[in-house]
Amino acid sequence: MKPPAAPPSAPPHGRRPDQNGPQGRPARGRRPATTPRNPTRVAALALLTAVLDRHRAMEEALDALPPSDPRDRAAAHRIAAAVLRRLGSLDAVLEPLLRREPPPEVQHVLRIGAAELLLLNTPPHAAVASCVDLVPRPFAGLVNAVLRKVAAEGPQTLEDLDGERLDTPGWLWTAWQKAYGTRVRAIARSHRSPAPLDLSLKPGTELPEGAVLLPNGTARLPAGTRITELPAFIDGTAWAQDAAAALPARLLHVTPGLAVADLCAAPGGKTAQLAAAGADVVAVERDPTRILRLRENLARLGLDARVVQGDAAEWDPGTRFDAILLDAPCSATGTIRRHPDVPYLKRPTDVPSLAGLQKPLLAHAATLLAPGGRLVFATCSLQPEEGEAQAANPPAGLVPDPIRPEEVPGLERAITHEGWLRTTPDMWEAEGGMDGFFIARFRKG
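Residues numbered from 1 in each chain as written. Predicted model: local features only at pLDDT ≥ 70, side-chain atom pairs only at ≥ 80, totals over all residues. Heavy atoms only, no water.

S.K.: It is not clear to me how the UniProt feature "binding site: S-adenosyl-L-methionine" (unreviewed entry) in the protein should be interpreted in this structure. Could you clarify?
M.R.: The feature "binding site: S-adenosyl-L-methionine" (unreviewed entry), as annotated in UniProt, sits at Cys-264, Ala-265, Ala-266, Pro-267, Gly-268, Gly-269, Lys-270, Glu-285, Asp-311 and Asp-327 in this numbering. Within the fold, Pro-267 resides in the loop between strand 5 (259-263) and helix 13 (269-276). Position of Lys-270 among the secondary structure elements: in helix 13. Note on Lys-270: relative accessible area 10%, which makes it buried. (UniProt positions renumbered as here; feature names shortened; annotations may be inferred. Helix = DSSP H or I, 4+ residues; strand = E, 2+ residues; numbered from the N terminus. Buried < 20%, exposed > 50% of the residue type's maximum accessible area, 1.4 Å probe, protein only.)

S.K.: Please explain the packing of helix 5 (residues 104-118) against helix 7 (residues 140-160) as it appears in this structure.
M.R.: In the contact formed by helix 5 and helix 7, the axes pass within 9 Å of each other and the chain directions differ by 45°. The angle between helix 5 and helix 7 falls in the class oblique. For the element pair helix 5 and helix 7, the recorded crossing hand is right-handed. Two secondary-structure elements touch here, helix 5 through Val-106, Val-109, Leu-110, Gly-113, Ala-114, Leu-117 and Leu-118 and helix 7 through Val-143, Val-146, Leu-147, Val-150, Ala-151, Gly-154, Pro-155 and Leu-158. (Axes fitted to C-alpha atoms, helices over the stretch in contact; angles between N-to-C directions. Parallel < 35°, antiparallel > 145°, perpendicular 65-115°, else oblique. Left-handed = near helix turned anticlockwise from the far one by under 90°. Contact = heavy atoms within 4.5 Å.)

S.K.: Before we go on, may I ask you to explain the domain arrangement of the protein in this structure?
M.R.: Looking at the assigned domains, one finds that the protein contains domain 1 (21-166) and domain 2 (197-444). Taking only C-alpha atoms, the centre of domain 1 and the centre of domain 2 are 35 Å apart. A combined buried area of about 860 Å² lies between domain 1 and domain 2, and 60% of that area is made up of carbon and sulfur atoms. Among the residues domain 1 hides against domain 2, the three largest losses belong to Glu-59, Leu-84 and Arg-85. Together they make up 41% of the total. Between the two partners, domain 1 and domain 2, sit two residue pairs in polar contact (both at pLDDT 80 or more). (Domains from an automatic or database assignment. Buried area = accessible area lost by both parts, 1.4 Å probe. Polar contact = N/O pair within 3.5 Å; in protein donor to acceptor, adjacent residues only side chain to side chain.)

S.K.: What's the story with the state of the cysteines in this structure? I'm lost.
M.R.: For the structure on display, the rule yields zero disulfides. Free cysteine Cys-264: the closest other cysteine sulfur is in Cys-330, separated by 10 Å. For Cys-264, a relative accessible area of 11% puts it in the buried group. (Disulfide = S-S within 2.5 Å.)

S.K.: What exactly am I supposed to notice about the UniProt feature "domain: SAM-dependent MTase RsmB/NOP-type" (unreviewed entry) in the protein here?
M.R.: According to UniProt, the feature "domain: SAM-dependent MTase RsmB/NOP-type" (unreviewed entry) maps to residues 172-445 in the numbering used here. Across residues 172-445, the secondary structure splits into 26% helix and 22% strand, with the terminal C-alpha atoms separated by 37 Å.

S.K.: Before we go on, may I ask you to explain the pattern of salt bridges in this structure?
M.R.: Working definition: two side chains of opposite charge can pair if their charged atoms are close together. Applying the stated criterion to the full structure yields 29 salt bridges. Of the charged contacts in the structure, one is a salt bridge between Glu-60 and Arg-56, with a shortest N-O distance of 3.9 Å. Accessibility expressed as a relative area gives 35% for Arg-56, which makes it partly exposed. As a salt-bridge pair, Arg-286 and Asp-311 come within 4.0 Å of each other at their nearest N and O atoms. (Salt bridge = Lys/Arg side-chain N within 4 Å of Asp/Glu carboxyl O.)

S.K.: Looking at this model, I keep getting lost on the side chain of His-364. Mind explaining?
M.R.: For His-364, the position within the fold is in helix 16 (residues 350-367). Among residues more than four places away in sequence, those in contact with His-364 are Ala-312, Ala-313, Glu-314, Trp-315 and Asp-316.

S.K.: Explanation requested: the confidence of the model for the protein in the structure shown.
M.R.: Reading predicted coordinates in detail is not appropriate for stretches of low pLDDT. Per-residue confidence for the protein gives a mean pLDDT of 92; residues scoring 70 or more make up 92%. This model gives residues 1-34 a pLDDT under 50, and the stretch forms 106 contacts once residues within four places in sequence are excluded. (pLDDT = per-residue confidence, 0-100.)

And the structure:
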C-alpha cells in the first residue's frame, strides 16, 4: 500500500559546509542562455529538490516534470535514485572538500556529480562539465574543483566508509536494530542497489523472455528493464508488483465467484490478482486521484472489479464478504528498495500516527466479514508498530488463521511463531531481495 501524503520531515542529513566558494551568497546568476544544460541532469536536480527541500514524493515530482524524452526522464530518475540511496556516503565523500555550506541547489548538483562519478560510471569529463553547467556562474569553479577531486580521490574514500550505516537515517537504523538485531546491516545493504522488475502474470501467461520464476509465482527481470516495452505489459497480461507485495492476495486463496473486498485498493495490483483469480471484487479507495490510476490499471489488464470511492474505515455496502484484503496505509519503510525517497519523506512521529489509523480500519474490516470468512491484514512497513503490534490485538470476533510453510515456498523462515509472515528486504538476497511486508491472516468466528 502506498503511504498517504507525508507531513514535512526533518531536513535531510548530510548538509555540509562549503569550502572554496566566495564569501556570502552571491547573486544567483546563470550562465548565458546559449550554454546548453543537459536535460537529464536538469530533471535529476528538479527531482532531488522536490524530495529533499519540498518533501514531495519522487513519483509525483517525476509526473510534474515538463514534457521531455522518456529516456531523459528515466535517466534522471536513475541519477536521483542513486543519490538518495547513497546520500550519507556521498555527503561523507564531499565533506572534506568543502568548508562552507553552499546553497541547497549547488549541494544537490555536487551530489549528482558524485553519484555519477562513483556509482554510475559516468565518464569524468561528462559528469563534471554537465554539473558545472547546472549551477550559477559564481559557483562554477567550486563545482569543477570539487568534482575533479571526487573523481581522483572519491573511489577510495567511498570504499573506506561504513556505507550501510551512513546511508540509513538514524531513527530508522535504531528502530530496525531493535526489531531485527544484527540483520539491520543486511536490510540496509539491500537498500543501496536498484531493485529488479517484478511482474505478476495473468493465469496462463507465458514467462516473459529473460525472466526468472520465483517460488511464489512472481516473474523477475533485471533492474532497469523497461516494463512498457515488454510484450506481456503491452498485451495487458502482466503488471508490476514486488514479490512480497504479491503475497497478501495469494494468501486469501480466493476462488471464482467469491465475494471479496479490497480495502485501500489503489494502485490496484492486489485488486488485479483477486480479479484475475475469478473473484467478485469490490475495490474501495478514498483518494479520487488514486482511483483514476486504479481504473486505468484494471482497464489495461481487461479485468473487472467494482471500484468504489469511500473511506474504508466507514464504508458499509450493507452486505458481508467471504474474504477481505486490508493493505493498510503505513510508513512504507518496507519499500525503500523501490522508493529511496521514503526515508526523507518520513519522520519518527509518522509511525505511531499511521498505526493509529490502522486500528480502526482493521476493526471496521472485521465487521464487513461474513461468519467463517477470511481476512488478510498487511502493511509494507518494517516497523513493528505497523504490523506485529496490530496483529497481536485483533478486533473481537477475529481468530488467527496461521500461515503454513507450504503456502509460502522459499519463505518458510519468514513465518513467525505466531503464524504471521514477516518479510524483509534481505530475504532472497541472491535473487535481488524483496520488499519488507507484514502479513497476518484471520477468520471470522
